[in-house]
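# Chain and residue survey
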Amino acid sequence: MENSEIIALVNSFITFAVGLVAYVVYLLSKRTEKSNAATILLMEIRNAESTAYELSKTIDNNYIDVRPLMPGDENWKKYQHLFASILNQDELVALNNFFECSNAIAICQKVRTEVLYTSFRAKAEVMQQVILTPDFLGKENIDKKNKYLNEAGAESYTFTPDDPKIKMKRALSELGKLSTSTVFLTLRSISEPKWYKLW
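Now for a look at the structure at hand. Within any chain, residue numbers begin from 1 and follow the written order of that chain's sequence. The model is predicted, so local features are restricted to residues of pLDDT at least 70 and side-chain atom pairs to those at 80 or more, both for listing and for counting; the totals for chains, interfaces and linings are taken over all residues. As a rule here, side-chain values come from all non-hydrogen atoms in the structure, and water together with hydrogens is ignored.

This part is about the overall build of the chain. Numbering of helices and strands runs from the N terminus; a helix is a DSSP stretch of H or I covering at least four residues, while a strand is a stretch of E covering at least two. What the chain contains, in helices and strands, is six helices and zero strands. Three exposure classes are used, based on accessible area relative to the maximum for each residue type with a 1.4 Å probe and protein chains only: buried under 20%, partly exposed in between, and exposed over 50%. When each of the 199 residues of the chain is scored for burial, the buried share is 33%. Contacts were defined at the residue level, with two residues in contact if any of their heavy atoms lie within 4.5 Å. Look at the contacts in the chain between residues 6 or more apart in sequence, and 80% of them connect residues 24 or more apart. Element-wise, carbon and sulfur atoms account for 59% of the exposed surface of the chain, whose accessible area totals about 13,200 Å². Only the protein chains shown count as cover for residues, with accessible areas throughout obtained via the Shrake-Rupley method and a probe of 1.4 Å.

The subject of this paragraph is the environment of Ser-35. Relative to the assigned elements, Ser-35 resides in helix 1 (residues 3–58). C-alpha separation for the pair Ser-35 and Leu-187, spaced 152 residues apart in sequence, amounts to 8.4 Å. Nitrogen and oxygen atoms within 3.5 Å of one another constitute a polar contact, given that in protein one can donate a hydrogen and the other can accept it, and given that sequence-neighbouring residues count only through two side-chain atoms. One polar contact links the side chain of Ser-35 to the main-chain carbonyl oxygen of Ser-191, over a distance of 3.0 Å.

To continue, consider a nonpolar patch on the surface. Within the patch definition used here, like charges are joined within 9 Å and nonpolar side chains (Val, Leu, Ile, Met, Phe, Trp, Tyr) within 5 Å, considering only residues with over 30% relative accessible area and no salt bridge. A pair is scored as a salt bridge if a Lys or Arg side-chain nitrogen falls within 4 Å of a carboxyl oxygen belonging to Asp or Glu. A contiguous nonpolar surface patch, about 460 Å² in accessible area, is contributed by Ile-6, Val-10, Phe-13, Ile-14 and Val-18. By the secondary structure assignment, Phe-13 is in helix 1. By relative accessible area, Phe-13 is classed as exposed at 57%.

Lines are fitted to the C-alpha atoms to define the axes, a helix being fitted only along its stretch in contact, and any angle between axes, read from their N-to-C directions, falls within 0 to 180 degrees. Two numbers describe how helix 3 (residues 89–131) lies on helix 4 (residues 142–154): the axes approach to 11 Å, and their chain directions differ by 165°. Considered as vectors, helix 3 and helix 4 are oriented roughly antiparallel to each other. Classified by chirality, the crossing of helix 4 by helix 3 is right-handed. Between helix 3 and helix 4, the residues in contact are Lys-123, Val-126, Met-127, Val-130 and Ile-131 and Lys-145, Tyr-148, Leu-149, Ala-152 and Gly-153, respectively. Partitioning the contact of helix 3 with helix 4 into residue classes produces seven nonpolar, one polar and two charged. Relative orientations are named as follows: roughly parallel for angles under 35 degrees, roughly antiparallel for angles over 145 degrees, roughly perpendicular for angles from 65 to 115 degrees, and oblique for any other angle. Each helix crossing is assigned a hand: it is left-handed if the near helix lies turned anticlockwise from the far helix by less than a right angle, otherwise right-handed if that turn is clockwise. Under the scheme applied, nonpolar residues are Ala, Val, Leu, Ile, Met, Phe, Trp, Tyr, Cys and Pro; charged residues are Asp, Glu, Lys and Arg; polar residues are all the others, including Gly.

Two aromatic rings, drawn from Phe, Tyr or Trp (for Trp, its six-membered ring), form a pair once their centres lie within 6.5 Å of each other, and the interplanar angle then sorts them: stacked below 30 degrees, edge-to-face above 60, tilted otherwise. Scanning the model with the defined rule gives two aromatic pairs in all. Each ring, one from Trp-76 and one from Phe-99, has its centre 5.9 Å from the other, and the planes form 10°; the classification is stacked. Of this pair, Trp-76 sits in helix 2 (residues 74–79) while Phe-99 sits in helix 3, and the two are 23 residues apart along the sequence. An identical accessibility class is assigned to Trp-76 and Phe-99; each is buried. Pairing Phe-98 with Phe-99 gives two aromatic rings, centres 5.4 Å apart and planes at 85°, and the pair type is edge-to-face. Summarising the burial analysis for this pair, Phe-98 and Phe-99 share the class buried. Through successive ring pairs, a cluster of aromatic residues spans Trp-76, Phe-98 and Phe-99.

Relative to the elements of secondary structure, Asp-73 occurs in the loop between helix 1 and helix 2. The residues contacting Asp-73, other than those within four sequence positions of it, are Phe-99 and Asn-103.

Scanning all chains against the criterion turns up four salt bridges. Lys-77 is paired through a salt bridge with Asp-73; the nearest N and O atoms lie 3.5 Å apart. Under the relative-accessibility criterion, Asp-73 is labelled buried at 10%.

Between the first and last residue of a helix there are one fewer steps than residues, each counted as 1.5 Å, and that sum is the expected span. Its 14 residues give helix 5 (residues 162–175) an end-to-end C-alpha distance of 20 Å, which sits within 8% of 20 Å, the value for a rise of 1.5 Å per residue. Every buried residue of helix 5 is accounted for by Pro-164, Lys-165, Met-168, Ala-171, Leu-172 and Leu-175. Axial view of helix 5: buried residues confined to an arc of 130°, hence all on one face. Away from its buried face, by an angle of more than 90 degrees, helix 5 presents the exposed residues Asp-162, Ser-173 and Glu-174. Arc definition: it is the arc formed by the directions from the helix axis to the C-beta atoms.

The following block contains the structure:
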């Protein structure tokens, strides 16, 4: 064998080895992407179920608790293509329905919160206008003004439209519980990849 043939053979082997390494790196990065996406979706499912439980306890109150915010469907829309070949049709439908309901609840929460803050602002404006009338001006009316502010400020009623509440109740009833389903177990197995699996 001549030197040029040996060099060509070595170059071919090196090219093959580099290509093989690149392919393995590609497969590992895809597996990591699926694993990370599954972990994010698992966290959102748990968060959505916990938030739905809290909301179902307080939804009939006139007071709107703005703290537990329902996750929307952004991450599901972003990552669903990664699971199209892994999950069966029923599991994909279950995830779609779950995240659609979650998104509907998040939208209703946003509307209710906006109405709440608008109501608070309107109440503050009315109270400000009332205390600037001649009946409340002057040092002799300080007690009258303080009494009005205390009584009006203590009134907790605010306007809450029924439509978002009705839609939220419907979405809460349709949300379901994915954490006890097979799709949740499948996502959990994807989120914990085995070192020997490259796909």
